[in-house]
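# Structural description and commentary
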Amino acid sequence: MNRTDGLVRRVKARDTETNGGSSSSAANHAEQEDNKVDKEDEMEDCDSKETRLTLMEEVLLLGLKDKEGYTSFWNDCISSGLRGCILIELGLRGRIELERAGMRRKGLCTRKITLKSDTPTGDVLLDEALKHIKETYPPETIQSWIEYLSGETWNPLKIRYQLKNVRERLAKNLVEKGVLTTEKQNFLLFDMTTHPLTDNVIKCRLVKKIQDAVLTKWVNDPQRIGKRMLALILLAHASDVLENAFAPLNDDDYELAMRRVRELLDLDFEAESAKSNANEVIWAVFAAFTK
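Let me begin by describing the structure that accompanies this report. Going along each chain's sequence as written, the residues are numbered from 1 onward. Under the rules for a predicted model, residues below a pLDDT of 70 receive no local features and side-chain atom pairs below 80 are neither given nor counted, while totals for whole chains, interfaces and linings still include all residues. Side-chain descriptors were evaluated using all non-hydrogen atoms of the structure, hydrogens and water having been removed beforehand.

Moving on: the overall build of the protein chain. Across its full length, the protein chain holds twelve helices and four strands. The proportion of buried residues among the 291 residues of the protein chain is 46%. Considering only intrachain contacts with a sequence separation of at least 6, the fraction spanning at least 24 residues in the protein chain is 68%. Just so you have it, the protein chain exposes about 16200 Å², and 50% of that area is on carbon and sulfur atoms. Comment: elements are numbered from the N terminus, with helices defined as DSSP H or I runs of at least four residues and strands as E runs of at least two. Classification of residues uses two cut-offs on accessible area relative to the type maximum, computed with a 1.4 Å probe and protein chains only: under 20% is buried, over 50% is exposed, and between them is partly exposed. When checking whether two residues touch, look at their non-hydrogen atoms; a contact exists if any pair is within 4.5 Å. What sets the accessible areas is the Shrake-Rupley method with a 1.4 Å probe; for residues, cover comes only from the shown protein chains.

Here we come to the pattern of salt bridges. Two side chains bearing opposite charge may form a pair once their charged atoms approach each other closely. Salt bridge criterion: a side-chain nitrogen from Lys or Arg within 4 Å of a carboxyl oxygen from Asp or Glu. This model, assessed by the stated rule, comprises 13 salt bridges. Note that E99 is salt-bridged to K106, the shortest N-O span being 3.3 Å. Classification of K106 as partly exposed rests on a relative accessible area of 40%. Here K131 makes a salt bridge to E135, at a shortest N to O gap of 2.9 Å. With a gap of four residues between them, K131 and E135 both fall in helix α4 (residues 124–135), about one helical turn apart. Of the residues examined, E135 reaches a relative accessible area of 42% and is grouped as partly exposed. Via salt bridges that share partners, E89, R93 and R228 belong to a single interconnected network.

Bringing helix α7 (residues 200–214) into the picture now. For α7, with 15 residues, the first-to-last C-alpha span of 22 Å sits near the 21 Å given by 1.5 Å per residue. Buried residues of α7: I202, K203, L206, V207, K209, I210, Q211, D212, A213 and V214, and no others. The definition of a polar contact used here is a pair of N or O atoms within 3.5 Å, where within protein one atom must be able to donate a hydrogen and the other to accept one, and adjacent residues in sequence count solely through side-chain atom pairs. Between the side-chain oxygen of the N-cap and the backbone nitrogen of V201 there are 3.1 Å, and the N-cap of α7 in question is D199. To estimate the expected span of a helix, count its residues, drop one, and scale the result by 1.5 Å.

It is worth spelling out helix α3 (residues 78–92) at this point. For α3, which comprises 15 residues, the first-to-last C-alpha distance of 20 Å matches the rise-based estimate of 21 Å (1.5 Å per residue) to within 8%. A large share of α3 lies buried, amounting to 15 of its 15 residues. Positive backbone phi, at 75°, marks G94, one or two positions downstream of α3.

A word on the nonpolar core. Across soluble globular proteins, you tend to see nonpolar side chains buried next to one another. Within the largest apolar cluster, 74 residues are counted, with the highest numbers of intra-cluster contacts made by L87, I142, I233, F246 and F286. For I142, the contacting residues outside a window of four places in its chain are L87, L98, R111, I113, V281, A284, V285 and A288. We define a nonpolar core as any set of buried Ala, Val, Leu, Ile, Met, Phe, Trp, Tyr and Cys residues linked to one another through side-chain atoms lying within 4.5 Å.

Dropping the structure here:
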């Protein structure tokens with residue numbers, strides 16, 4: 001074998017590595033983000049893996065009435081709030097990101113979602129949303145995706161993106177995790193499947209975690225609040241269920257907790273998203289709910 005044969009072989013090997021590199025690097029990055037999410041969960045919560053909840057499950061659990069097993073009939077915010085949770089989960093897990101701001105410095109609400117990795121998350125709802133985002137061209141904004149996934153669009157071509165029976169599917173996840181149970185209730189004209197609480201410890205722990213974040217463990221810097229906790233507080237507020245976490249507080253603590261939540265809502269989301277280590281998808285979802 002002459003020296004040129006060796007060079008050709010090395011070049012071919014390098015080309016093969018390069019071609020496969022883009023897809024494998026995206027998968028590796030997604031895996032790293034999943035591991036990072038797991039570590040953040042462990043730092044914020046001491047639950048076992050069997051009882052670790054997604055953002056969607058936590059928000060739904062806050063909204064469910066313990067004994068009755070259903071959300072308030074008057075709550076028309078939780079549907080879109082849960083879709084916001086789905087987008088944030090995908091952002092935290094490294095599956096989606098925002099397009100570059102560009103020279104014109106596009107705002108969070110006008111920048112489009114782009115696919116970062118199509119590696120499945122293992123969660124059916126998240127993977128269904130991820131599939132829709134992957135198949136959509138041209139890309140859409142955060143606000144548009146919240147509307148599409150909620151089915152709140154007048155565009156007949158986008159109605160297929162609606163995620164159906166989200167609350168029921170999340171409730172079944174919580175049943176499988178031993179947090180809820182399933183019953184049938186009769187409401188005169190119809191029967192309804194309900195999901196009363198069975199594991200009060202997990203919900204109490206969730207409520208206390210939120211209370212502590214805005215009271216005893218409060219840090220006056222949103223960048224030092226865990227990303228998942230920050231998302232939980234603001235998405236619970238957007239879903240109109242945060243009040244349920246603060247209801248047991250005495251008047252002084254309640255007033256202090258609500259004042260600090262308002263401070264978070266009054267932040268400059270554009271400025272916060274531009275800081276190092278910030279997740280732009282999270283801040284874009286916040287902006288979509290407060291504009």
